[in-house]
Amino acid sequence: MLTAKQKVLWMKIRLAASDRLSAMADALLFALHVPACAKATPGDKKAIAFTGEFLPPRIPRMAKWLKRGGNYYTILLCKKNGFVPEFAGHDFDRIHLFRNAWHLKRLLRSLGQVDIIHGFAPKSHYGNVARKFSSATYIHDMQDVYTIYYGTNPSMRWLRAELPHERECLLYADGVVAHCLEANVALRVLKADPKPPTLYFPLYCDDDCFIRDAKKISDTEIHLVYAGGVAGSHRDPKHYGNIQFHKLIETLTAQGLHFHIYPSPSSSRTDYEEYEAIAKTNARFHFHQPVAQGDLSRELSQYHFGMLPFFRSLSEQSETKLKYATTLKLFNYLEAGLPVMVSRDLGFQSWIVERFGCGIGIELEDLQQLGKKINPETTPAYIRAALIAREKMALSGQVKRLEAFYNKVVTC
């Protein structure tokens, strides 16, 4: 029986071997000009190819609202092993999954008309492949920026290999869509001169996911929830410490609080098997199966608070990373009508929560006394504030800014 660490290693070896073997075949097919797909037929619409390795849920949300305006033909080009059906939704005009860089080039050449390549990261490798290969306007879309995780000379080999792609995309893109302040910091670190045109475009709340008739799971006990990535104890805490929740589970449930975790659909089964085991022995800890993005707000709405329990001392990610980062789960909680309990180490996100009064900022040591801070009588006021905040951050009212940015960059 393989250990969790051995399973992860075997998966990496298998994927690397598959990439290399398939790349030889696709390189030959590319040289022979064998089409990889049918030509795109956008008509009088602008064709956007959203392109990257690991599909984040923010991309289908953006594509959906862009498409509703009627001006865009939307294509998704995603690495096969990074495609998450639960994130993708049903709003792309076309979806093509590529095996390797040569296959991606074949798809881009076969598609024909592509006006904009909207590359998404992390990682930036395949976005950079598309940027160099295609003559289309290239937009680089950033949420997590690796340049500021551990500096420009990290110890992890995979990260050292990734940083040059991220650097080139940030420096040479026709435009950058920044969902948080990390990209601006990275451009300073990289001494970008001139800086590419940049749109600050927070993740916002998807109006389609607003829950207005929520019923709580209990009127007498507080239920906290976390939705997102989780990591098992076999992972390196230097990188994964903030999503290793063993201690947090023990701390919260010992105070009589219920704690629920919904792992991201992109999480590996090897990372959450041990949490399933903990749930069988701890009556106040509840580990659920992954939920599709379109169903998540309904599922979350039954609880009292969403949690962002990421603290500086729990990993070796830089203070700058935590200060400027953002995460979609903050907006998922608000869509569900949940107030947010957020670490004050997350400077940007705690500022949003405290500015709108839609939650509570906490320090790591506050977790020990959390049961005394919240109760069923005080939560309704926070819930009302969350309902107001999400209306002010609705994606439907912001998508025109993204369209205007496209038009500006394409005509530059």
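A few points on the structure. (Residues numbered from 1 in each chain as written. Predicted model: local features only at pLDDT ≥ 70, side-chain atom pairs only at ≥ 80, totals over all residues. Heavy atoms only, no water.)

Observations concerning the nonpolar core
Grouped together as the largest cluster of nonpolar side chains are 87 residues, with contacts concentrated most on Phe50, Leu224, Phe245 and Phe259. Apart from residues no more than four positions distant in its own chain, Phe50 is found in contact with Ile59, Ala63, Leu66, Thr74, Ile75, Leu76, Leu77, Phe92, His118, Phe120 and Tyr406. Judged by nonpolar contacts, the second largest core, of 36 residues, contains Ala49, Ile75, Leu108 and Ala173. (Core = buried A, V, L, I, M, F, W, Y, C linked by side-chain atoms within 4.5 Å. Buried < 20%, exposed > 50% of the residue type's maximum accessible area, 1.4 Å probe, protein only. Contact = heavy atoms within 4.5 Å.)

Thoughts on the side chain of Ser267
Residue position: Ser267 is located in the loop between β9 (258-263) and α10 (269-281). Apart from residues no more than four positions distant in its own chain, Ser267 is found in contact with Gly228, Gly229, Val230 and Tyr272. (Helix = DSSP H or I, 4+ residues; strand = E, 2+ residues; numbered from the N terminus.)

As for the packing of aromatic side chains
Within this structure, the stated rule accounts for 17 aromatic pairs. Ring plane angle 55° and centroid distance 4.6 Å describe the contact between Tyr226 and Phe245, whose orientation is recorded as tilted. Of this pair, Tyr226 sits in strand β8 (residues 223-228) while Phe245 sits in the loop between α8 (237-240) and α9 (246-253), and the two are 19 residues apart along the sequence. Per residue, the accessibility class of Tyr226 equals that of Phe245, and both read buried. An angle of 50° between the planes, with centres 6.1 Å apart, marks the rings of Tyr262 and Tyr303 as tilted. Highlighted residues: Tyr262 in strand β9 and Tyr303 in the loop between α11 (293-300) and β11 (305-308), separated in sequence by 41 residues. Classification of Tyr262 as buried rests on a relative accessible area of 2%. An aromatic cluster is built from Phe259, Tyr272, Tyr275, Phe285 and Phe287, whose rings are joined through pairwise contacts. (Phe/Tyr/Trp six-rings, centres within 6.5 Å; stacked < 30°, edge-to-face > 60°.)

A few points about the sheet that holds β8
With respect to topology, six strands assemble into an open sheet ordered β10-β9-β8-β11-β12-β13, the strand pairing being parallel. With one partner strand each, in any of the chains shown, β10 (285-287) and β13 (359-362) form the two edges of the open sheet. Across this sheet, the average inter-strand angle for adjacent strands is 25°, counted without regard to direction. Here β8 pairs with β11 via two bridges, running parallel. The residue bridging Val225 from the neighbouring strand is Gly306, located in β11. Lying over the sheet, α9 contacts β8, β9, β10 and β11, oriented at roughly 150° with respect to β9. (Pairing = 2+ DSSP bridges. Axes fitted to C-alpha atoms, helices over the stretch in contact; angles between N-to-C directions.)

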